[in-house]
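Architecture and fold: a report
The residues making up each chain are set out below.
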Amino acid sequence: QVQLVESGGGLVQAGGSLRLSCVASRSMFGIDVMGWYRQPPGKLRELVATMSSGGSTNYADSVKGRFTISRDNAKKTVYLQMDSMKPEDAGVYYCSVRGRTTPFSNFESFWGQGTQVTVSS
């Protein structure tokens, strides 16, 4: 079973920065898209940013220019650098990795347990 371990969440003041990390706990035979989603209090989970294996990125409009996603394929790790943070960035941040666990299995999405991000105004 693939486990995604997230770290880096916490409390930050508005205008500050946080860096989230997420590492996959076992070998995967091909990782396609890696990304971050968040669930603000009382709202549905939403896309924050994704990065394909080829390096293409996709950002939510609300974070463009402030957040940067990156990945280290050798370390099976995806990062999210969050700068100029706003109170509306608060929520539980989830890592997602689309990959396959054997050379013959289908690609599927795996999720981390979530890490809390709080932004004080």
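Everything here concerns the structure above.
A brief structural summary. Because the structure is a prediction, the values reported are computed rather than measured.

**Structural notes on the sheet that holds strand β8 (residues 77-82)**
Ordered by their spatial adjacency, four strands build an open sheet running β1-β3-β8-β7, and the pairing between neighbours is antiparallel. Two strands in the sheet have a free side with no partner beyond their single neighbour: β1 (4-7) and β7 (67-72). Across this sheet, the average inter-strand angle for adjacent strands is 15°, counted without regard to direction.

**Concerning the pairing of β1**
Burial along β1 is one-sided: the face carrying Leu-4 and Glu-6 is buried and the face carrying Val-5 and Ser-7 is not. Where β1 and strand β3 (residues 18-24) come together, four bridges link them in antiparallel fashion. In the sheet register, Val-5 faces β3, and the bridge partner there is Val-23.

**Some details on the nonpolar core**
Trp-36, Leu-80, Met-82 and Tyr-93 are the most contacted members of the largest nonpolar core, which has 29 residues in total. Secondary-structure elements contributing two or more residues to this core are β3, β4 (31-39), β5 (46-51), β7, β8, β9 (91-99) and β11 (115-120). With four residues, the top contributor of residues to this core is β3.

**A few points about the pattern of salt bridges**
Scanning the entire structure with this criterion turns up five salt bridges. Two residues, Asp-32 and Arg-98, come together in a salt bridge whose shortest N-O distance is 3.9 Å. Placement of Asp-32 in strand β4 and of Arg-98 in strand β9 is noted, with a sequence separation of 66 residues between them. For Asp-32, a relative accessible area of 26% gives the class partly exposed. What you see here is one network of salt bridges that share partners, running through Arg-38, Glu-46, Arg-66 and Asp-89.

What counts and how
- Residues numbered from 1 in each chain as written.
- Predicted model: local features only at pLDDT ≥ 70, side-chain atom pairs only at ≥ 80, totals over all residues.
- Heavy atoms only, no water.
- Pairing = 2+ DSSP bridges.
- Helix = DSSP H or I, 4+ residues; strand = E, 2+ residues; numbered from the N terminus.
- Axes fitted to C-alpha atoms, helices over the stretch in contact; angles between N-to-C directions.
- Buried < 20%, exposed > 50% of the residue type's maximum accessible area, 1.4 Å probe, protein only.
- Core = buried A, V, L, I, M, F, W, Y, C linked by side-chain atoms within 4.5 Å.
- Salt bridge = Lys/Arg side-chain N within 4 Å of Asp/Glu carboxyl O.

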